[in-house]
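Here are the chains, one letter per residue:
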Amino acid sequence: MNRNKIEEIALWLSTGFLAFLVLFRPLVSGMSYPWSNTICQLIILLILAIWLIKCIWLGEFKLAGTSLYIPILSFTFFVILSCIYSVNLNASLKQTYIIIPNILLCFLVINIVKKRKQVFIITACLVLAATIVSFYGIYQYFWGLDETRNWVLQQNIQFHPGVLSRLGINQAFSTFVIRNALAGYLLLILPLCISLFLVSKSFYRLLLSIAAASIILCLYLTYSKGGWGIFLILGLVSILILMYKKFRHKKRFYIVSIAAIVCLVIFSAMFLKIVDRTNMIRDTSGSFKVRLNYWKACPGMVKDFPFGSGIGTFGSIYPKYKVPQAREVQLAHNSFLQLWTETGTLGILSFLLVWIMFFRDWRKTFRVAYVSIGMYMGCGAFLIHSLVDFDFYVPGISMNVWLFIGIIEAQRHKGTKIIKISSLFAKTIISIFLVLAVCIVSIILVRPSIAEIHKDRAIGCLCGDNIRLAEEELETAIRFDKTNGQYYYLRGDILRREGRFEKAIANYRKAIERNKYMPHYHFALGKLLLMRGKGNSVMIEEGIKEFEKTVKLYPTKPFYLKNLAYVYRLMGRNEEAGNLLLKAEQMGKKSE
């Protein structure tokens, strides 16, 4: 087979898998179906294998020359480094398994996407996926939520309170589960629709108009204040830039710009007339105050963990630093602050450097293609929205952001660096090693996903009071992933309910070994030790210490303070008990 044939096959195989990945990722949310993350990771590995095998058998590695390699590698290094000193290794590994493949995808796109037809296929899939997500969100708002509520009422299942509260509010969240995440995704894709509209033929313009209209309507139905505000700002900036590129003649540009501004003002006025303006302003102010309370915990985290607590661990250490009036959350609702607490100062600086280098050549990019302008604007929306939300931690958003960076860099940099391989023996050995490496990495990636499936089954069995089957499912989950403390904690709860207290205590201890920062692990262990420790002073003392650790890890929760106070009173430590009860009362008032 000649060189051109090998290159052509590899090119279109890679493009096909990329197209599938772009369609699949937003339709099957990584937030509600963790197994979908594994599917995406395996597809990216497959694209990597195709590219490497092509390079090996062509006898040369061609790397597009871009200034982003060093900052991206630096950020990757700090993400991986954060796993080494992570407070919760399992959480850090899960997040790393999402971030690193996305970065790898960016590298592959830079070096794979060389033809305009490839860009057309990928962008078409991006717009199609966003349109489907938007249509589903619109359907959900007007019809789907009622159907879901009726179905939930008919089921004999104990649903999580968060699910019930979300179903009780008329807000579109589509496949992203969380409405703000959906808004972040739509803001990312919308500028691309507009930029494609300006350069497309009449038939495609009709399709793109439908896509853009559905995205805007779905964005409105999310009732995301941050999303709508960014839409208005981004819409104005995007229109001005795109119109300037389209209409070089100054008079025409000014006429179109003024018309665009007037349309946006009228559109905003209509929006304000539809909604209750007083409530909207109050809700926006309240939403910001809620986020501000989350952010108040970050300085303490950075002070105690100057090199970061480990990627993906914000929720693990947050209770210790939470102010009394703040809510319990797993994400900081500010991607930059969360990355700072998780990867340290050097980690966030390397992340910011990626964006500084990326936006440094924005003028050069704007001269290349309208597609690049739309993607640039989408990345801008992502960064702005990340200041008040967690877009970086939403798989359906972050993957597309790295994809955008890759496509823009692929169009901007045509120079290559070539590493040659001429020996047939070397090609064969490297290919075999590559296949083995891909298989090993695939197994590593799949095992935690399988474990999560068994854990979810165990929770379903517990809801149906099938305790024996739930225990079996958890044992299977532990076999696939021994680093997850939650599995041991759940198994400890099952064993406690069955009266097998010694084994329950052993499982709680294993859960704490894997994540010592979870207060409810310590509380469960302490409660069981105190219950079983009658006449055993050593066990009682250990139980009290576990309660003390619980309060240390979550000092603002009245429930934990009251329980420790009750134990202190039983032990005759009345003064300490009184102080804790007073503190619990104060914390309760502050959280109201």
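What counts and what doesn't
- Residues numbered from 1 in each chain as written.
- Predicted model: local features only at pLDDT ≥ 70, side-chain atom pairs only at ≥ 80, totals over all residues.
- Heavy atoms only, no water.
- Helix = DSSP H or I, 4+ residues; strand = E, 2+ residues; numbered from the N terminus.
- Buried < 20%, exposed > 50% of the residue type's maximum accessible area, 1.4 Å probe, protein only.
- Contact = heavy atoms within 4.5 Å.
- Expected span 1.5 Å × (residues − 1).
- Phe/Tyr/Trp six-rings, centres within 6.5 Å; stacked < 30°, edge-to-face > 60°.
- pLDDT = per-residue confidence, 0-100.
- Axes fitted to C-alpha atoms, helices over the stretch in contact; angles between N-to-C directions.
- Parallel < 35°, antiparallel > 145°, perpendicular 65-115°, else oblique.
- Left-handed = near helix turned anticlockwise from the far one by under 90°.
- Patch = residues over 30% accessible without salt bridge, like charges linked within 9 Å, V, L, I, M, F, W, Y side chains within 5 Å.
- Areas by Shrake-Rupley, 256 points an atom, 1.4 Å probe, with all protein chains shown as cover.
- Salt bridge = Lys/Arg side-chain N within 4 Å of Asp/Glu carboxyl O.
- Nonpolar A, V, L, I, M, F, W, Y, C, P; charged D, E, K, R; others polar.

### Considerations on the overall build of the protein
Here is step 1 of the chain: Looking only at helices and strands, the protein features 25 helices and 2 strands.
Here is step 2 of the chain: Looking at the protein as a whole, 52% of its 592 residues are labelled buried.
Here is step 3 of the chain: Within the protein, counting contacts between residues at least 6 apart in sequence, those at least 24 apart form 72% of the total.

### Some thoughts on helix α22 (residues 519-532)
Here is step 1 of the chain: Here α22 is 14 residues long and its end C-alpha atoms lie 20 Å apart, about the 20 Å a rise of 1.5 Å per residue gives.
Here is step 2 of the chain: Counting buried positions along α22 gives 10 out of 14 residues, so the element sits mostly inside the fold.
Here is step 3 of the chain: Among all positions in α22, only Pro519, Tyr521, His522, Phe523, Ala524, Leu525, Gly526, Leu528, Leu529 and Leu530 are buried.

### Describing the packing of aromatic side chains
Here is step 1 of the chain: One pass over the structure, following the stated rule, counts 33 aromatic pairs.
Here is step 2 of the chain: Taken together, a centroid distance of 6.5 Å and an interplanar angle of 55 degrees make the contact between Phe24 and Trp35 tilted. Of this pair, Phe24 sits in helix α1 (residues 3-27) while Trp35 sits in helix α2 (residues 35-58), placing them 11 residues apart in sequence.
Here is step 3 of the chain: Using a relative accessible area of 13% as the deciding quantity, one classes Phe24 as buried.
Here is step 4 of the chain: Within the aromatic cluster, the residues linked to one another by ring pairs are Phe75, Phe336, Phe351, Trp355, Phe358, Phe359, Tyr376, Phe382, Phe392 and Tyr393.

### Considerations on the confidence of the model for the protein
A low pLDDT score tells you not to read the predicted coordinates there in detail.
Here is step 1 of the chain: Residues with a pLDDT of 70 or more make up 82% of the protein, whose mean pLDDT is 82.
Here is step 2 of the chain: Across residues 156-160 the pLDDT falls below 50, and counting only partners more than four positions away or on other chains, this stretch makes 5 contacts in the model.

### Looking at the packing of helix α23 (residues 537-553) against helix α24 (residues 558-570)
Here is step 1 of the chain: Across the interface, α23 lies against α24 with an axial gap of 9 Å and an inter-helix angle of 150 degrees. In terms of orientation, α23 lies roughly antiparallel with respect to α24. For the crossing formed where α23 meets α24, the hand is left-handed. Judged by residue contacts, Ile544, Phe547, Glu548, Thr550 and Val551 of α23 engage Tyr560, Leu561, Asn563, Leu564, Val567 and Tyr568 from α24.

### Details of a nonpolar patch on the surface
Here is step 1 of the chain: A surface patch of nonpolar side chains, about 720 Å² in accessible area, is lined by Phe120, Phe135, Phe203, Tyr204, Leu206, Leu207 and Ile210.
Here is step 2 of the chain: Contributing elements (two or more residues each) for the nonpolar patch: α5 (116-154) and α8 (202-221).
Here is step 3 of the chain: At 5 residues, α8 tops the list of elements feeding residues into the nonpolar patch.
Here is step 4 of the chain: You can see Phe120 is positioned in helix α5.
Here is step 5 of the chain: Given the relative accessible area of 47%, Phe120 is considered partly exposed.

### Topic: the packing of helix α7 (residues 179-199) against α8
Between two packed helices, both the angle of their axes relative to each other and the distance between the axes serve to describe the pair.
Here is step 1 of the chain: Interhelical geometry of α7 versus α8 gives an angle of 155 degrees and a closest axis separation of 9 Å. Overall, the two elements α7 and α8 adopt an arrangement that is roughly antiparallel. α8 is crossed by α7, and the crossing has left-handed handedness. Contacts from Leu182, Ala183, Leu186, Leu187, Ile189, Leu190, Cys193, Leu196, Phe197 and Leu198 of α7 reach α8 at Arg205, Leu208, Ser209, Ala211, Ala212, Ile215, Ile216, Cys218 and Leu219.
Here is step 2 of the chain: Among the residues forming the contact of α7 with α8, the class breakdown is 17 nonpolar, 1 polar and 1 charged.

### Things to note about the pattern of salt bridges
Here is step 1 of the chain: This structure, assessed with the given rule, holds 16 salt bridges.
Here is step 2 of the chain: Note that Glu471 and Arg468 form a salt bridge whose closest N and O atoms lie 3.4 Å from each other. Note that Glu471 and Arg468 are positioned in helix α19 (residues 467-480) at a spacing of 3 residues, about one turn of the helix.
Here is step 3 of the chain: Given a relative accessible area of 48%, Arg468 falls into the partly exposed group.
Here is step 4 of the chain: With a shortest N-O distance of 3.7 Å, Lys549 and Glu546 are connected by a salt bridge. Taken together, the positions of Lys549 and Glu546, both in helix α23 and 3 residues apart, correspond to about one turn of that helix.
Here is step 5 of the chain: Among the charged side chains, a network of salt bridges with common partners joins Lys94, Glu452, Lys455 and Asp456.

### Some remarks on unusual backbone geometry
Here is step 1 of the chain: In this model, Ser174 sits at a positive phi of 50 degrees, which is unusual for a non-glycine residue.
Here is step 2 of the chain: Summarising the element assignment, Ser174 is placed in the loop between α6 (161-167) and α7.
Here is step 3 of the chain: Judged by relative accessible area, Ser174 falls into the buried class, the value being 5%.
Here is step 4 of the chain: Positive phi is not limited to glycine here, since His333 has a value of about 60 degrees.
Here is step 5 of the chain: As for its placement among the helices and strands, His333 is situated in the loop between α13 (314-321) and α14 (335-360).

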